Amino acid sequence: MAVTDEAILKIKDMILSGEIKPRDKLPPEKELSERLGLSRSSLREAVKALEVIRVLDVRRGDGTYVTSLEPRLLLEAMTFITDLHTDSSVLELFAVRRILEPAAAALAAMRITADELATLRALLELANESTDVEGLVTADVSFHGAIAAASGNAYLASLIDALSSHTMRARIWRGLTQEHSVERTLAEHKAIADALEGHDAQLAQALTIVHISGIEQWLRDAMVTD
């Protein structure tokens, strides 16, 4: 095992054991390197790596802290990776969305509050038949994000957020090339919201599968045509 990898694992063990907790400040570099039996250079490399994936926060002139370790932070690395997707791999992203978002909708149907439903209804009002494609896509991302948040699972919501924001281009092209896509999308959103309001988990799940699968199938057909 590389020395830097060993250093990363030792810091992780400190967090897992509760020796250091979210938002705690790490001991000074010299003290920590001696405690872990590591060179200061390998410790620095480990800290840099953990800073990149948002486990540690290096504050110049102050010290190094454990971050909040919230899902939103820890999944930022995945957001960066999905940013690099190619046109062919976007279908794989949609396939993941087709698995995750219906599950989130089912959870949301069981847990959604009156305030969250009000927010969802307000988001529906942001788009209509005269909304341009970019506006529709923005409203669509917000709508799906609100449902994921209502699922009550922060990791699931963060995963969906990372995936949804990186399928924008495909949805924009869909709106530009298909007739009646705006009307269809709005109708599908309203049906999903109605199912959530009725706390019908199975219906919310089924409608979300249909909604995402429609976009996925269009993209698949478009890529074959190209």
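Details of the structure are given in the entry above.
Worth saying up front: this structure is predicted, and the values here are computed from it rather than measured.

Quick word on the pattern of salt bridges
Per the stated rule, a full pass over the model turns up 16 salt bridges. Ionic pairing is found between Glu 216 and Arg 98, a salt bridge with its closest N-O pair at 2.5 Å. Pair noted here: Glu 216 is in helix α12 (residues 201-225) and Arg 98 is in helix α6 (residues 90-111), with a separation of 118 residues, a long-range link. In this structure Glu 216 comes out as buried when scored by relative accessible area, which is 4%. Connected through salt bridges with shared partners, the residues Arg 121, Lys 190, Asp 194 and Glu 197 form a single ionic network.

Digging into the pairing of strand β2 (residues 63-66)
As paired elements, strand β1 (residues 56-59) and β2 share 4 bridges and run antiparallel to each other. Along β2, the bridge assignment pairs Leu 56 with Val 66. Adjacent in sequence and paired antiparallel, β1 and β2 are bridged by 3 residues, among which Gly 61 carries a positive phi angle near 80°.

Describing unusual backbone geometry
For Arg 23, which is not glycine, the phi dihedral falls at a positive 75°. With respect to the helices, strands and loops of the structure, Arg 23 is situated in the loop between α1 (3-17) and α2 (29-36). With a phi angle near 65°, Arg 54 is a residue other than glycine that sits in the positive phi range. Here Arg 54 lies in the loop between α3 (40-52) and β1.

Quick look at the packing of α1 against α3
The description of two packed helices rests on the angle between their axes and on the distance between the axes. At a closest axis distance of 8 Å, the pairing of α1 and α3 adopts a crossing angle of 65°. By crossing handedness, the relation of α1 to α3 is classed as right-handed. Each of Val 3, Thr 4, Ala 7, Ile 8 and Ile 11 in α1 lies in contact with α3, whose residues at this interface are Ser 42, Leu 43, Glu 45, Ala 46, Val 47, Ala 49 and Leu 50. Looking at the contact of α1 with α3 residue by residue, the classes come out as 9 nonpolar, 2 polar and 1 charged.

With respect to the nonpolar core
Counting residues in hydrophobic clusters, the biggest one holds 18 residues, and the most contacted among them are Ile 11, Ile 15, Leu 36, Leu 56 and Val 66. Elements supplying a minimum of two residues to this core: α1, α2, α3 and β1. Excluding anything up to four places from it in sequence, Ile 15 contacts Ile 20, Val 55, Val 66 and Leu 69. By size, the runner-up hydrophobic cluster in this structure holds 17 residues, among which are Ile 112, Phe 143, Ile 147 and Ile 192.

Describing the side chain of His 189
Summarising the element assignment, His 189 is placed in helix α11 (residues 181-197). A polar contact of 2.5 Å, which involves the side chain of His 189, links it to the side chain of Asp 140. Once you skip the residues sitting within four places of it in the chain, His 189 turns out to touch Leu 124, Asp 140, Phe 143, His 144 and His 211.

About the cut-offs
- Residues numbered from 1 in each chain as written.
- Predicted model: local features only at pLDDT ≥ 70, side-chain atom pairs only at ≥ 80, totals over all residues.
- Heavy atoms only, no water.
- Salt bridge = Lys/Arg side-chain N within 4 Å of Asp/Glu carboxyl O.
- Helix = DSSP H or I, 4+ residues; strand = E, 2+ residues; numbered from the N terminus.
- Buried < 20%, exposed > 50% of the residue type's maximum accessible area, 1.4 Å probe, protein only.
- Pairing = 2+ DSSP bridges.
- Axes fitted to C-alpha atoms, helices over the stretch in contact; angles between N-to-C directions.
- Left-handed = near helix turned anticlockwise from the far one by under 90°.
- Contact = heavy atoms within 4.5 Å.
- Nonpolar A, V, L, I, M, F, W, Y, C, P; charged D, E, K, R; others polar.
- Core = buried A, V, L, I, M, F, W, Y, C linked by side-chain atoms within 4.5 Å.
- Polar contact = N/O pair within 3.5 Å; in protein donor to acceptor, adjacent residues only side chain to side chain.

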